[in-house]
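Observations on the model geometry
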Number of protein chains: 2
Amino acid sequence: MATPNDKTHVFQAPKGTRDFYPLELARRRWIEDKWRQTSIRHGFDEIDGPTFEHLDLYTVKSGDGIVSELFSFTREGGDKRYALRPEFTPTLARMAAARANSLPKPTKWFSICPYFRAENPQRGRLREFLQWNVDVIGDDSPEADGECIACCIGFLESLGLTPNDVTIKINNRVDMETILTASKFPEELIEPMLVLLDRRLKITKEQFAEESRKIGATDDHINRIERIHKLTGRSNFLDVLRDTVGDKYPETRPLETTVDFLTKNGLWEWCETDIDTVRGLAYYTGTVFEVHETTGSERAIAGGGRYDKLIELFNGPPTPAVGFAMGDVVLSLVLQDKGLMPTDEQIAQDLGLRPDVYVIPTTETEHLVKTLVAQLRREGLHARHTYKSTRNVGKLLKEANNAHARFALILESDTICTIKDLDSGEQEENVATDKAVARIAPPTTE
Amino acid sequence: MATPNDKTHVFQAPKGTRDFYPLELARRRWIEDKWRQTSIRHGFDEIDGPTFEHLDLYTVKSGDGIVSELFSFTREGGDKRYALRPEFTPTLARMAAARANSLPKPTKWFSICPYFRAENPQRGRLREFLQWNVDVIGDDSPEADGECIACCIGFLESLGLTPNDVTIKINNRVDMETILTASKFPEELIEPMLVLLDRRLKITKEQFAEESRKIGATDDHINRIERIHKLTGRSNFLDVLRDTVGDKYPETRPLETTVDFLTKNGLWEWCETDIDTVRGLAYYTGTVFEVHETTGSERAIAGGGRYDKLIELFNGPPTPAVGFAMGDVVLSLVLQDKGLMPTDEQIAQDLGLRPDVYVIPTTETEHLVKTLVAQLRREGLHARHTYKSTRNVGKLLKEANNAHARFALILESDTICTIKDLDSGEQEENVATDKAVARIAPPTTE
């Protein structure tokens with residue numbers, strides 16, 4: 001049969017992964033369903049790629065340093081180096097490069113799949129998690145950035161979140177570079193300064209000054225950063241931008257155009273410009289944004305930006321692109337924090353999981369139940385029955401209610417039944433059982 | 001930015017994995033959706049587990065021999081041995097064992113997830129594939145076997161397949177052992193003989209005889225097997241069973257009870273008993289079955305059976321269980337062979353992917369399009385617009401049709417539009433644009 005078994009061994013899911021029993025999975029599916037419906041409504045088409053990729057797909061973008069953060073592996077007995085995908089963008093860039101000549105412009109794609117990171121599990125971070133990716137490829141307009149952000153807001157709104165709960169913090173790397181240049185930062189200091197700004201609010205003022213000096217910033221540079229921050233109060237970045245850079249403000253006005261688009265569409269109340277939002281990843285080339293819970297008690301809910309050079313890096317033609325990703329772990333914590341995760345009954349309703357009919361036998365009719373249930377299922381109804389031995393109708397009605405069934409069908413005799421609407425409590429007696437399907441309206445598909 | 005890139009390098013998906021562009025993914029989602037709806041209708045609850053597990057979860061069941069068939073790995077820099085899941089049953093057994101005391105009896109679970117096998121890709125076999133698993137746990141009755149088979153048939157029927165297209169071949173290991181014992185096979189020969197029977201139709205009569213002798217069978221044993229096969233004609237197994245074993249037929253009549261259940265529920269026309277269906281895996285303890293395309297031109301579409309000892313093996317309490325699995329690869333080939341894969345337009349309809357409204361601007365109104373589209377999306381409609389520069393209404397109506405949109409909204413002026421029903425061709429002019437949402441009925445969800 002199998003190798004002898006050690007009776008003391010407890011089989012467990014790997015650290016940082018999850019077992020989804022029915023209630024947990026229904027909650028996950030509810031989020032997935034909202035992600036999918038929001039994406040479709042905003043005109044995105046769903047795609048997917050392999051769960052693991054050749055390792056070089058990740059090192060070409062991020063260098064060998066990324067390997068320690070990956071589940072990278074050589075299959076035992078094989079020679080190729082693979083990695084479980086830690087993010088979607090390299091797969092998307094590879095797929096876009098492969099069909100660059102035949103894809104529509106712009107191409108609007110979304111995906112919902114599992115991802116893997118070899119970090120130590122902690123609140124908001126797991127080793128396997130789901131992620132929603134939304135991307136507009138082949139459109140360099142700031143409106144495309146706005147369209148991604150609008151889709152993200154459309155999702156947050158569909159969950160019942162409001163601008164009081166979450167904030168989209170928006171910045172633009174081109175604008176930031178303009179500010180830093182106007183503030184007399186030498187070119188070679190700009191990139192490391194941006195990386196450091198990303199961490200500014202997570203460290204003390206002293207640590208920030210010390211780390212700035214380490215990368216070669218002078219006291220004058222540090223003072224200028226401080227002055228900019230005093231000006232902004234972290235939200236009127238556009239004014240600061242104009243004040244600081246004056247007539248050096250680029251004519252394309254990238255950030256301003258994105259802000260205009262969101263304002264015109266009534267979405268600006270969800271957003272603020274934020275000089276500290278830079279995003280760690282080096283491949284962003286323009287707009288960057290993050291979604292944060294307003295109290296700041298959880299990690300970022302989502303993040304993204306424009307990456308106009310990436311598809312080229314995978315040997316596709318020069319192709320502008322913008323997108324964002326949102327994981328299920330932090331999002332679920334925020335929904336729980338705010339009491340916005342619906343009840344299990346509501347989720348069952350939303351996902352179309354409610355049984356249409358729960359068949360209840362009497363002692364005389366129990367031999368008919370399984371055949372009737374099989375027949376109802378063939379007619380397209382979600383039919384359930386008890387597996388318990390009790391024939392107490394009251395107890396079984398309670399069981400039907402617990403299963404959130406829409407109707408109970410009490411099988412009174414070979415041919416006659418009672419149908420009870422469990423939502424309204426209304427009851428119809430003496431129904432011919434072969435007419436029951438017609439009475440229990442076909443499920444309102446959801 | 002990143003390491004220098006070799007411009008001649010072509011980035012590809014790993015061998016045996018798939019990139020799903022929108023049309024391919026829609027076909028996959030269509031199958032997933034049918035799997036899910038069928039499972040729910042039959043009273044199963046969805047679960048999921050980690051994409052990778054500790055390697056010992058697979059070796060405890062199948063021995064170390066299985067490692068070469070797995071994507072097993074030690075993470076670079078780590079020490080634990082993992083494997084990408086090759087099948088669901090060990091995860092299910094682990095999850096059932098962990099909550100054995102609180103799960104309902106029976107527990108009816110299904111799952112739809114990706115699986116991984118390190119075999120050489122060929123027709124019907126890939127290295128990453130989707131699989132649907134359906135299991136009834138904690139019910140040792142032959143009706144539970146029948147309920148699984150009924151769910152499988154319910155799915156096949158929902159695709160438009162008929163008993164002329166596919167056959168469920170059913171056998172029972174207990175009955176087979178009874179036959180072999182009655183045919184004077186010594187106990188130690190029964191297990192290897194079952195494994196060999198599983199391959200009987202894939203090899204010649206001479207090869208079968210030779211391999212039988214290799215495992216220790218005599219010419220008398222081989223002749224008895226031949227005689228049984230002549231009797232059965234591969235379908236009236238129950239008669240053979242009674243003829244061969246006479247009063248040694250077990251009182252529980254496992255196979256006969258499953259056949260009765262399926263017959264009573266009008267499902268027997270899909271099935272036949274088949275002495276050669278044994279299933280390779282050693283853990284089956286009773287009913288075994290496989291779904292085959294009737295012409296035999298493809299591999300098995302699905303397979304499963306009863307595994308009453310497995311949850312114990314994962315240190316749960318003794319728990320009977322029965323289930324089956326169906327992959328997406330062979331199934332898709334069969335649907336293509338038979339012309340049963342719906343058109344892309346039908347799939348878009350079934351999955352709710354059709355745009356509710358396609359907004360068409362004129363030269364005068366093009367500045368209004370994006371804001372109107374954003375507004376329609378916030379109202380819950382799936383709204384699209386052209387990204388092309390043409391303002392030729394005829395061309396744009398064609399684009400709306402190609403997108404399978406339900407309605408076109410031609411933006412005539414700041415406040416007035418024409419709404420065209422693209423299914424019926426009916427057109428309404430001079431509609432106030434702010435009343436458009438009400439005219440384009442909210443999408444009939446499905």
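Because the structure is predicted, anything quoted here is derived from the model rather than measured.

**Observations regarding the overall build of chain A**
- Helices and strands together make up the secondary structure of chain A, namely 16 helices and 16 strands.
- For 446 residues, the compact-globule estimate of 2.2 N^0.38 gives 22 Å, and the C-alpha radius of gyration of chain A, at 28 Å, exceeds that figure by more than 25%.
- Counting only C-alpha atoms and orienting by the principal axes, one finds that chain A spans roughly 90 × 60 × 50 Å.
- Across the 446 residues that make up chain A, the buried fraction comes to 45%.

**Quick word on the domain arrangement of chain A**
- Structurally, chain A comprises domain 1 (22-344) and domain 2 (354-439).
- For domain 1 of chain A and domain 2 of chain A, the distance between their C-alpha centroids amounts to 51 Å.

**Comments concerning the relation of the copies chain A and chain B**
- Note on the identical chains: chain A maps onto chain B by a rotation of 180 degrees and an axial translation of 0.0 Å, with an RMSD of 0.1 Å. Here the transformation between the copies is reduced to the relation of a two-fold axis.
- Same-surface contact between copies: 100% of interface residues of chain A are shared with the interface of chain B.

**Some thoughts on the sheet that holds strand β7 (residues 166-172) of chain B**
Residue and element names in this part refer to chain B.
- One open sheet holds the 8 strands; their spatial order is β1-β5-β6-β11-β10-β9-β7-β8, and the pairing between them is mixed. Both outer strands of the open sheet, β1 (45-46) and β8 (271-273), are each paired with one neighbouring strand and no more.
- Bridge count for β7 against strand β9 (residues 287-293) is 7 bridges, and the pairing is antiparallel. Bridged to isoleucine 168 within β9 is valine 291.
- Sheet contacts for helix α12 (residues 328-337): β6 (128-137), β9 and β11 (321-327); angle to β11, the most-contacted strand, approximately 55 degrees.

**A look at the packing of helix α1 (residues 22-41) of chain A against helix α4 (residues 142-158) of chain A**
All names here are of chain A.
- Taken N-terminus to C-terminus, the directions of α1 and α4 make an angle of 135 degrees; their axes are 9 Å apart at the nearest point. Accordingly, the angle class assigned to the pair α1 and α4 is oblique. In the crossing of α1 with α4, the sense of the turn from one axis to the other is right-handed. Judged by residue contacts, Lys34, Trp35, Thr38, Ser39 and Arg41 of α1 engage Cys151, Gly154, Phe155 and Ser158 from α4.

**Re unusual backbone geometry**
All names here are of chain A.
- For the peptide bond that leads from lysine 105 to proline 106, omega is -5 degrees, which places it in the cis range.
- Tracing the chain through its elements places proline 106 in the loop between α3 (89-98) and β5 (107-116).
- Located in the positive-phi region is asparagine 430, a residue other than glycine, with phi close to 55 degrees.
- Classification of asparagine 430 by C-beta neighbours within 10 Å gives exposed; the count is 10.

**Side note on the nonpolar core**
- Core analysis: the biggest nonpolar cluster contains 222 residues, and Cys152(A), Val357(A), Leu409(A), Cys152(B) and Leu409(B) have the highest contact counts within it.
- Discounting chain neighbours no more than four positions away, the residues touching Leu409(A) are Val357(A), Val359(A), Ile360(A), Cys417(A), Ile419(A) and Ala436(A).

**Quick look at the environment of Ala302(B)**
All names here are of chain B.
- Structurally, alanine 302 can be placed in strand β10 (residues 302-306).
- When the C-alpha atoms of alanine 302 and isoleucine 275 are compared, they prove to be 17 Å apart, with 27 residues separating the residues in sequence.
- Apart from the residues within four sequence positions on either side, alanine 302 is in contact with Cys152, Glu290, Val291, Phe324, Ala325 and Met326.

Procedures and definitions
- Residues numbered from 1 in each chain as written.
- Chains lettered and ligands numbered in written order.
- Predicted model: local features only at pLDDT ≥ 70, side-chain atom pairs only at ≥ 80, totals over all residues.
- Helix = DSSP H or I, 4+ residues; strand = E, 2+ residues; numbered from the N terminus.
- Rg over C-alpha atoms; globule rule 2.2 N^0.38 Å.
- Buried ≥ 20, exposed ≤ 12 C-beta atoms within 10 Å, placed from the backbone.
- Domains from an automatic or database assignment.
- Least-squares fit on C-alpha atoms with pLDDT ≥ 70 in both.
- Contact = placed C-beta atoms within 7 Å.
- Pairing = 2+ DSSP bridges.
- Axes fitted to C-alpha atoms, helices over the stretch in contact; angles between N-to-C directions.
- Parallel < 35°, antiparallel > 145°, perpendicular 65-115°, else oblique.
- Left-handed = near helix turned anticlockwise from the far one by under 90°.
- Core = buried A, V, L, I, M, F, W, Y, C linked by C-beta atoms within 7 Å.

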